[in-house]
Amino acid sequence: MSIVINKKKDIFLLNTRSVSYAFGIDDQGLIRHLYWGKKIDSVEDFEMPVLTEVSTNDPVFEITREEFPVYGGLRYKEHCLRVVFADGTREIVYQYCGYETDRTEEYEELIIRLKDVRYDFDMNLHYRIYEDYDLMERSVTVKNGTAQRIQIEKLHSGQFHIPYEGLNFSNVHGHWGAEQQRFTQKVSYGKIVIENRRGISTHNHNPYFILDRNATETSGDVYFGALRMSGNFSGVIEQTQYGETLAQIGLNSHDFMMELEPGEEFEAPAVICGYSESGFETMSRNLHHFALKNILREGYRPVLYNSWEATGFNVNSREQIKLAKKAREIGAELFVLDDGWFGERHGIDNGLGDWYVNESKFPNGLDELISEVKALDMKFGIWVEPEMVNPKAQLYQSHPDWIYHFETRTSDTSRGQYVLNMGKKEVQDFVYEMLDNLLTEYEIDYIKWDANRPISQPGIRRDIWYTHIEAVYEIVRKLKKKHPQVLFEACASGGGRIDYGILGIFDDFWTSDNTDAYDRLYIQDAYSYIYPIKAMRAWVTDCPNFLSGREIPLRFRYHSAMMGTLGIGCNILKFTEEEENLSKEMICRYKEIRPIVQEGDFYRLENPSENRYFLYEYLKGDQGLIFAFLPQSRVGHRGTTIRLRGLEENAVYTLKTEFGEITKSGNYLMNFGMNLSLTGDYASIIIPFEKKNRE
Ligand code: GLA
């Protein structure tokens with residue numbers, strides 16, 4: 001049983017495999033947090049402490065660990081909910097109205113029912129317990145039962161209480177071409193805020209929190225939560241004056257207000273959260289397993305070829321067919337035609353919105369290319385940017401009011417384009433129909449859905465920071481229902497939309513426009529903390545790299561990209577024979593190891609050397625892989641020691657290195673380890689290993 005209730009004391013204990021979460025209802029009807037951490041079995045041990053005021057300047061609400069602090073009363077800390085009732089009252093006073101439990105195949109659920117004492121306004125706190133994954137999901141639904149409209153100014157799905165001070169907070173920072181730069185900082189008195197105000201969620205920060213007590217990969221307490229939404233978010237971490245740390249993450253209240261009509265209900269974006277007593281590895285593992293089994297679409301992701309870096313906007317049927325043939329020869333399974341195939345799209349300033357095939361580039365239509373691709377036994381994918389329009393496009397000329405704007409202001413362009421107001425029903429219908437027609441008319445297996453600018457001049461509605469992405473989600477859901485064979489890739493100028501919201505809607509995710517194989521090691525490492533490897537698209541591209549100007553050997557570039565879902569973005573028509581042969585070898589190898597890479601357990605291994613090795617392990621059943629990279633050797637002769645993890649201590653494993661086979665016990669490989677010495681710049685190696693069957 002995941003939900004244990006002490007009815008006498010009104011205390012709820014939520015258990016997963018190794019974690020407990022407890023809260024209760026006190027004699028004043030407040031929902032008070034009691035515990036989050038290592039599993040405690042006996043609900044009887046928990047008591048609800050009596051509330052006593054410290055001083056008139058430290059009101060009890062400030063000290064009380066509330067599960068869902070609302071705005072009102074003597075509360076000054078971060079609250080989860082602030083509404084304005086029709087008469088202007090901005091305070092909520094809730095009463096506890098009981099609980100319900102539910103069970104599905106995936107989770108057990110506890111629902112705590114709250115109601116305002118004066119207004120017909122319901123707040124239901126949902127706790128979904130995913131026992132096997134050691135994870136819980138919190139969300140809140142609110143319902144307006146009054147006869148008038150209510151305004152929601154802030155709504156987060158719950159407060160998290162961590163009973164320690166001096167924690168480390170980590171997240172990522174970044175910008176276009178430099179997403180997923182991991183950082184860690186000490187939490188002290190005051191607040192840390194991460195947020196997004198752009199409507200395109202994640203170039204700068206990512207909607208999750210990780211709080212640890214000097215944890216390593218394999219030891220120490222880690223508390224974490226990830227938001228299931230790609231709109232504007234804010235996350236607040238606060239070390240209070242009363243010996244604990246608070247965390248919240250949810251819809252950003254900046255420029256936000258949502259109206260709830262009489263009878264209307266709204267579910268706030270959920271937070272998937274957990275605790276690990278054994279470091280970051282367990283956190284990542286639980287999230288990865290959960291995402292693989294409960295969120296992501298099943299099946300391995302194909303090796304793709306994308307022509308963007310090779311041809312830019314300058315696409316035409318002849319050239320793309322040549323590329324497709326070569327892509328097939330080296331082993332690609334999916335050919336993706338990127339930007340430039342439609343309307344008058346010759347650069348960034350025209351075409352978006354005019355989704356008809358450009359006849360001068362494709363004189364015989366798209367079918368010519370598609371049938372060639374199909375004849376080559378490859379899948380066909382195509383790029384679109386449906387939320388956008390160029391001012392010069394016919395779509396804008398006929399519907400200038402379809403973009404976000406204020407009536408009396410000029411909207412800003414960015415990358416030469418405007419953002420369509422996805423809140424408008426006619427815009428939603430246009431986008432859906434355009435894509436539905438495209439997928440119906442052509443044999444398309446894969447859509448790369450891009451979004452290349454943030455939202456500005458949002459118009460008078462202040463809920464678009466949420467409703468925009470909800471409309472996108474809904475269109476993709478509908479399209480997938482009608483065209484279930486089509487895979488959807490989420491891209492937003494690279495990795496601008498990667499979060500646990502989009503993960504449940506799309507199938508493939510473009511990690512970053514930065515395809516420099518060395519930069520990618522950092523990006524991919526940070527990405528893996530929260531997101532599963534199957535959701536990490538990685539391409540091999542040409543050198544010198546267009547962003548870094550760096551020259552990196554092709555083998556290293558392949559190895560780096562083979563850490564995720566492999567794609568190729570080179571101008572393969574210019575490959576030398578040697579490059580072509582290496583590509584064939586690498587892609588063939590990737591297909592062999594793909595099940596382990598895309599669905600295996602992933603380990604960020606320790607590097608005990610002074611040389612900066614990047615060491616990773618993948619393990620699936622009896623088979624595993626080691627990926628080792630040495631971008632630059634500082635002390636050439638000094639190697640490293642690879643200590644594997646997750647093996648069976650008493651089993652025997654065989655590692656196939658370039659220098660011959662090594663056979664050792666799991667115990668030995670995990671503790672003594674294996675010495676590895678790479679030399680030179682951009683050295684890399686993939687070492688497969690396998691558990692030996694007992695004779
Ligand atoms: C964005 C994407 C790229 C490419 C271009 C096309 O930058 O991230 O992969 O599709 O748009 O314009």
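Residues numbered from 1 in each chain as written. Predicted model: local features only at pLDDT ≥ 70, side-chain atom pairs only at ≥ 80, totals over all residues. Heavy atoms only, no water.

Let us now look at the pattern of salt bridges. According to the stated counting rule, one finds 54 salt bridges in the structure shown. Of the charged contacts in the structure, one is a salt bridge between lysine 77 and glutamate 66, with a shortest N-O distance of 3.6 Å. With lysine 77 in the loop between helix 1 (60–63) and strand 5 (81–84) and glutamate 66 in the loop between helix 1 and strand 5, this residue pair connects regions lying 11 residues apart in the sequence. Here lysine 77 and glutamate 66 have matching classes, each one buried. Glutamate 217 is paired through a salt bridge with arginine 645; the nearest N and O atoms lie 3.7 Å apart. Of this pair, glutamate 217 sits in the loop between strand 15 (208–212) and strand 16 (222–227) while arginine 645 sits in the loop between strand 35 (640–642) and strand 36 (652–657), placing them 428 residues apart in sequence. (Salt bridge = Lys/Arg side-chain N within 4 Å of Asp/Glu carboxyl O. Helix = DSSP H or I, 4+ residues; strand = E, 2+ residues; numbered from the N terminus. Buried < 20%, exposed > 50% of the residue type's maximum accessible area, 1.4 Å probe, protein only.)

Note on sheets: strands pair through backbone hydrogen bonds, and any given pair is parallel or antiparallel. Judged by pairing direction, the sheet is antiparallel, and its 6 strands sit side by side in the order 32-33-34-39-36-37 without closing on themselves. The sheet is open, and its two edges are formed by strand 32 (601–604) and strand 37 (660–665), each paired on a single side. Averaged over all pairs of adjacent strands, the angle between their axes in this sheet comes to 20°, without regard to strand direction. Sheet analysis places strand 32 next to strand 33 (residues 614–620), joined by 4 bridges and oriented antiparallel. Its bridge partner being in strand 33, phenylalanine 602 is matched across the sheet by tyrosine 618. Contacts from helix 9 (residues 517–528) reach strand 32, strand 33 and strand 34 (623–630), with the element oriented near 50° to strand 33. Sheet contacts for helix 10 (residues 554–561): strand 34 and strand 39 (683–691); angle to strand 39, the most-contacted strand, approximately 45°. (Pairing = 2+ DSSP bridges. Axes fitted to C-alpha atoms, helices over the stretch in contact; angles between N-to-C directions. Contact = heavy atoms within 4.5 Å.)

What follows concerns empty space enclosed by the protein. For the coordinates displayed, the defined rule picks out 6 cavities of 30 Å³ or more. Here the largest cavity defines a volume of roughly 80 Å³. As for the largest cavity, its lining consists of 13 residues, of which Thr16, Val19, Tyr21, Leu135 and Met136 are closest to the centre. Broken down by secondary-structure element, the contributors of at least two residues to the lining of the largest cavity are strand 2 (11–15), strand 3 (19–25), strand 9 (135–144) and strand 21 (271–276). Its residues assigned to classes, the lining of the largest cavity comprises 8 nonpolar, 4 polar and 1 charged. What the second largest cavity holds in volume is close to 50 Å³. (1 Å grid on protein atoms, 1.4 Å probe; cavity = no way out; pocket = protein on both sides within 12 Å on 5 of 7 lines; lining within 4 Å. Points joined across faces, edges and corners; volume = space filled by probe spheres on them. Nonpolar A, V, L, I, M, F, W, Y, C, P; charged D, E, K, R; others polar.)

Our focus in this paragraph is the site of the ligand. Taken together, 13 residues form the shell around the ligand, and within it Asp338, Asp339, Lys448, Asp450 and Asp513 come nearest. Aspartate 339 is positioned with one of its side-chain polar atoms (N or O) 2.6 Å from an oxygen atom of the ligand. Summarising the interface, the protein chains cover 97% of the accessible area of the ligand, which totals 310 Å² for the free molecule. Here the shell around the ligand is composed, by residue class, of 4 nonpolar, 3 polar and 6 charged. (Near = heavy atom within 4 Å. Polar contact = N/O pair within 3.5 Å; in protein donor to acceptor, adjacent residues only side chain to side chain. Areas by Shrake-Rupley, 256 points an atom, 1.4 Å probe, with all protein chains shown as cover.)

Bringing the domain arrangement of the protein into the picture now. Looking at the protein, the domain boundaries give domain 1 (3–41 + 62–294), domain 2 (319–390 + 426–453 + 473–499 + 505–599) and domain 3 (605–692). Relative placement of domain 2 and domain 3: their C-alpha centres are 32 Å apart. Interface area for domain 2 against domain 3, summed over the two sides, is near 1,800 Å², with a carbon-plus-sulfur share of 73%. Between glutamate 599 and lysine 620 there is a salt bridge, with the nearest N and O atoms lying 3.8 Å from each other. Our enumeration of links across domain 2 and domain 3 arrives at 3 residue pairs in polar contact (both at pLDDT 80 or more). Where the side of domain 2 that touches domain 3 is concerned, the elements lending two or more residues are helix 9, helix 10 and helix 11 (577–599). Counted by class, the side of domain 2 that touches domain 3 contains 13 nonpolar, 2 polar and 6 charged residues. (Domains from an automatic or database assignment. Buried area = accessible area lost by both parts, 1.4 Å probe.)

Another aspect to go through is helix 8 (residues 464–482). The first and last C-alpha atoms of helix 8 sit 26 Å apart over 19 residues, in line with the 27 Å expected at 1.5 Å per residue. Burial in helix 8 covers these residues: Ile464, Trp465, Tyr466, His468, Ile469, Ala471, Val472, Tyr473, Ile475, Val476, Leu479 and Lys480. (Expected span 1.5 Å × (residues − 1).)

Our focus in this paragraph is the pairing of strand 1 (residues 3–6). In the sheet, strand 1 pairs with strand 2 via 4 bridges, with the strands oriented antiparallel. Note that in strand 2 the partner of isoleucine 3 across the bridge is leucine 14. Here strand 1 folds back onto strand 2 in antiparallel fashion, the turn holding 4 residues, of which aspartate 10 has a positive phi close to 55°.

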